[in-house]
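Close look at the chain arrangement
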Amino acid sequence: MRRTVFNEDHEAFRETLRAFIEAEVVPVYDEWFAAGQAPREFYHQLAELGLFGINVPEEYGGAGLETHKFEAIQYEETARAGVTFGGSGVHVLLALPYIKSLATDEQKKRYLPKFVSGEEMWAIAMTEPGTGSDLAGMKTTAKLSEDGTHYVLNGSKTFITGGVHAERVIVCARTAPATAEDRRHGISLLAVDTTSDGYSIGRKLDKLGLKTSDTAELAFVDVKVPVEDLLGEENKGFSYLGANLPSERWGIAFGAYAQARAAVRFAKNYVQERTVFGKPVAHFQNTKFELAACQAEVDAAEAVADRALEALDAGELTPAEAASAKLFCTEVAHRVIDRCLQLHGGYGYMNEYPIARLYADNRVNRIYGGTSEIMKTIIAKDMGL
């Protein structure tokens with residue numbers, strides 16, 4: 001089946017990105033893996049390549065495009081090479097939509113040029129030690145000062161990807177108590193300067209996978225946040241979070257599909273080279289059947305991921321459709337990567353092989369952005385169940 005989601009411009013971008021990855025990332029990736037994060041200067045390289053400005057209006061230094069297709073190619077090419085771009089995905093896929101949709105003109109003038117140049121990396125802080133998928137249960141507070149010039153932020157966040165290197169973090173906090181009728185009421189979004197007094201980075205978390213992304217705990221003790229850094233309207237943050245979840249879940253779905261596709265490539269290459277009982281592993285019927293079944297699943301996941309991408313670009317991707325794409329693609333990736341690792345035998349368990357790292361990286365896809373169980377709940381509700 002001919003794939004129609006990408007055009008010549010996209011494929012030219014793919015060639016440039018592939019060359020960049022091979023020259024600038026692959027040779028040093030083992031160092032990043034050992035260090036547990038990509039170096040901060042790497043994000044300046046991504047900015048110079050133009051990756052941070054693709055969807056930013058031209059007046060702020062961007063390319064002014066309205067598409068996620070270039071992000072999709074990044075998912076495919078990083079997975080193909082067995083690498084990641086650290087925490088940069090949060091900067092573009094998660095933080096940028098909030099700035100574009102909620103920031104005032106004055107805020108955009110302050111935020112976006114530095115966003116595009118990589119001078120300011122952004123992250124978003126939702127999850128707290130006692131709240132995961134239940135964002136309405138967050139305890140972090142932001143109280144307006146008596147003179148109305150700033151908020152006083154107190155609380156903590158955890159599992160914040162990009163939290164070590166970020167210069168700005170969109171912090172979700174309570175500016176008013178929840179009501180008996182609406183637990184979601186009272187949440188606001190603040191674009192917090194990470195150099196502010198009282199803002200501190202706790203542990204850089206030691207994760208099972210995604211070793212090159214900096215994931216941290218954050219703490220806020222009487223942090224003063226100017227009212228000029230409130231994103232959108234006060235107390236309406238939960239609705240803003242909900243509005244952006246479909247794009248986040250599409251990103252996880254597409255990334256998972258790309259990982260599954262890469263896993264088949266890694267396994268195919270390995271079984272053609274590895275010899276057992278005097279012949280390549282690829283010559284055994286079981287190997288052929290296993291890879292054929294994996295390829296069929298990847299083909300199906302590609303169709304789902306591409307359909308969701310087109311719907312997202314058209315502004316038509318619904319929460320239920322995004323949940324369905326995330327559920328399907330992440331479950332497919334789980335099965336495919338596991339089977340491809342099995343074909344590697346004992347070497348598949350060694351981190352020097354990309355399939356091992358891919359196996360660990362993939363596991364979180366069924367957890368973050370909403371667990372698979374939450375996705376099923378959303379889909380069932382949309383079905384009227």
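Residues numbered from 1 in each chain as written. Predicted model: local features only at pLDDT ≥ 70, side-chain atom pairs only at ≥ 80, totals over all residues. Heavy atoms only, no water.

**Focus on the overall build of the protein chain**
To keep things clear, this is the line we draw: Secondary structure counts use DSSP, requiring at least four H or I residues in a row for a helix and at least two E residues in a row for a strand, with both numbered from the N terminus. Radius of gyration: over C-alpha atoms. The globule rule applied is 2.2 Å multiplied by the number of residues raised to the 0.38 power. In this scheme, a residue with accessible area under 20% of its type's maximum is buried, one over 50% is exposed, and one in between is partly exposed, where area comes from a 1.4 Å probe on protein chains only. A contact between two residues is defined here by any heavy atoms of the two lying within 4.5 Å. Reported accessibility uses the Shrake-Rupley method at a 1.4 Å probe radius. Residues are deemed covered only where the shown protein chains occlude them.
When its secondary structure is counted, the protein chain shows eleven helices and ten strands. Compactness check: the protein chain gives a C-alpha radius of gyration of 21 Å against a globular reference of 21 Å for 385 residues, within 12% of the reference. Each of the three principal axes of the protein chain carries a C-alpha extent, and together these read 80 × 50 × 40 Å. Every one of the 385 residues in the protein chain was classed for burial, and the buried ones make up 52%. Within the protein chain, contacts between residues at least 6 apart in sequence are counted, and of these 76% link residues at least 24 apart. For the protein chain, the computed accessible surface area is about 18000 Å², with 52% contributed by carbon and sulfur atoms.

**What about the state of the cysteines?**
The test is simple: Disulfides are defined as cysteine sulfur pairs within 2.5 Å.
This model, assessed by the stated rule, comprises zero disulfides. Looking at the unpaired C340, the closest cysteine sulfur is the one in C294, lying at 4.2 Å.

**A look at the packing of helix α1 (residues 8-25) against helix α3 (residues 40-48)**
To keep things clear, this is the line we draw: All axes are obtained by fitting lines to C-alpha atoms, using only the stretch in contact for helices, and the reported angles, taken between N-to-C directions, cover 0 to 180 degrees. In this scheme, roughly parallel covers angles under 35 degrees and roughly antiparallel covers those over 145, while 65 to 115 is roughly perpendicular and the rest are oblique. Definitions for this section: a left-handed crossing has its near helix turned counterclockwise from the far helix by less than a right angle. A right-handed crossing has that turn clockwise. Nonpolar residues are Ala, Val, Leu, Ile, Met, Phe, Trp, Tyr, Cys and Pro. Charged residues are Asp, Glu, Lys and Arg, and all others, Gly as well, are polar.
Direction vectors running N to C along α1 and α3 enclose 155 degrees, while the axes themselves pass 12 Å from each other. As the angle between them shows, α1 and α3 are arranged roughly antiparallel. Here α1 runs over α3; the crossing is right-handed. Of the residues in α3, those in contact with F20, E24 and V25 of α1 are F42, Q45 and L46. Residue composition of the contact of α1 with α3, by class: four nonpolar, one polar and one charged.

**Overview of the layout of surface pockets**
The gaps of empty space that remain are located by a probe, the size of a water molecule, rolled over the atoms. The criterion, for reference: Both cavities and pockets are sets of points on a 1 Å grid over the protein atoms alone; in a cavity a 1.4 Å probe fits but cannot get out, in a pocket the set is open with protein on both sides within 12 Å along at least five of seven lines, and lining residues sit with an atom within 4 Å of a point. Grid points are joined across faces, edges and corners, and a volume is the space filled by probe spheres set on the points.
By volume, the second largest pocket is sized at about 430 Å³. If you go around the second largest pocket, you meet 22 residues; those closest to its centre are E66, H68, P97, K100 and S247. When residues of the lining of the second largest pocket are traced back to their parent elements, those giving at least two are α5 (88-102), α7 (237-273) and α8 (285-313). The element that contributes the greatest number of residues to the lining of the second largest pocket is α5, accounting for six residues.

**Remarks on the environment of P319**
Within the secondary structure, P319 sits in helix α9 (residues 319-343). When the C-alpha positions of P319 and R249 are compared, they lie 8.8 Å apart, and in sequence the two are 70 residues distant. Discounting chain neighbours no more than four positions away, the residues touching P319 are P246 and I378.

**Let's talk about unusual backbone geometry**
Even without being a glycine, N235 presents a positive backbone phi close to 75 degrees. Tracing the sequence through the fold places N235 in the loop between β8 (230-231) and α7. For F277, which is not glycine, the phi dihedral falls at a positive 55 degrees. Tracing the backbone shows F277 in the loop between β9 (275-276) and β10 (279-280). Relative accessible area serves as the criterion here: at 78%, F277 is assigned to the exposed category.

**Brief notes about a nonpolar patch on the surface**
What counts here: Here, patches come from residues exposed beyond 30% relative accessible area and free of salt bridges, joined within 9 Å for like charges and within 5 Å for nonpolar side chains (Val, Leu, Ile, Met, Phe, Trp, Tyr). The salt bridge criterion pairs a side-chain nitrogen of Lys or Arg with a carboxyl oxygen of Asp or Glu, the two atoms within 4 Å.
Among the surface-exposed residues, Y347, Y349 and M350 lie close enough to one another that they form a single nonpolar patch of about 370 Å² accessible area. Residue placement: Y349 occurs in the loop between α9 and α10 (354-362).

**Quick word on the packing of aromatic side chains**
Two measures describe an aromatic ring pair: the distance that separates the ring centres and the angle between the ring planes. Our working definition: Put simply, two rings from Phe, Tyr or Trp (the six-membered ring, in Trp's case) pair if the centres are within 6.5 Å, and we call them stacked under 30 degrees between planes, edge-to-face over 60, tilted for the rest. Charge-over-ring contacts are defined here by two conditions on Lys NZ or Arg CZ: a distance within 6 Å of the ring centre and an angle within 35 degrees of the ring normal.
Overall, the coordinates contain 15 aromatic pairs when judged by the stated rule. On the basis of an interplanar angle of 75 degrees and a centroid distance of 5.0 Å, the ring pair of Y111 and W122 is categorised as edge-to-face. Of this pair, Y111 sits in helix α6 (residues 105-117) while W122 sits in strand β1 (residues 122-125), and the two are eleven residues apart along the sequence. Overall, W122 belongs to the buried group, its relative accessible area being 1%. Positioned over the ring face of F284 is K279, at 5.6 Å from the centre of the ring. Across the ring face of F33, the terminal group of R357 is positioned such that the distance to the ring centre comes to 4.2 Å.

**Regarding the side chain of Q107**
Note the following rule: N or O atoms closer than or at 3.5 Å make up a polar contact, with two conditions inside protein: a donor-capable atom paired with an acceptor-capable one, and, for residues adjacent in sequence, both atoms drawn from side chains.
Tracing the sequence through the fold places Q107 in helix α6. Separated by 2.9 Å, the side chain of Q107 and the backbone oxygen of L230 make a polar contact. Those residues in contact with Q107, other than ones at most four positions away along the chain, are L102, E228, D229, L230 and L231.

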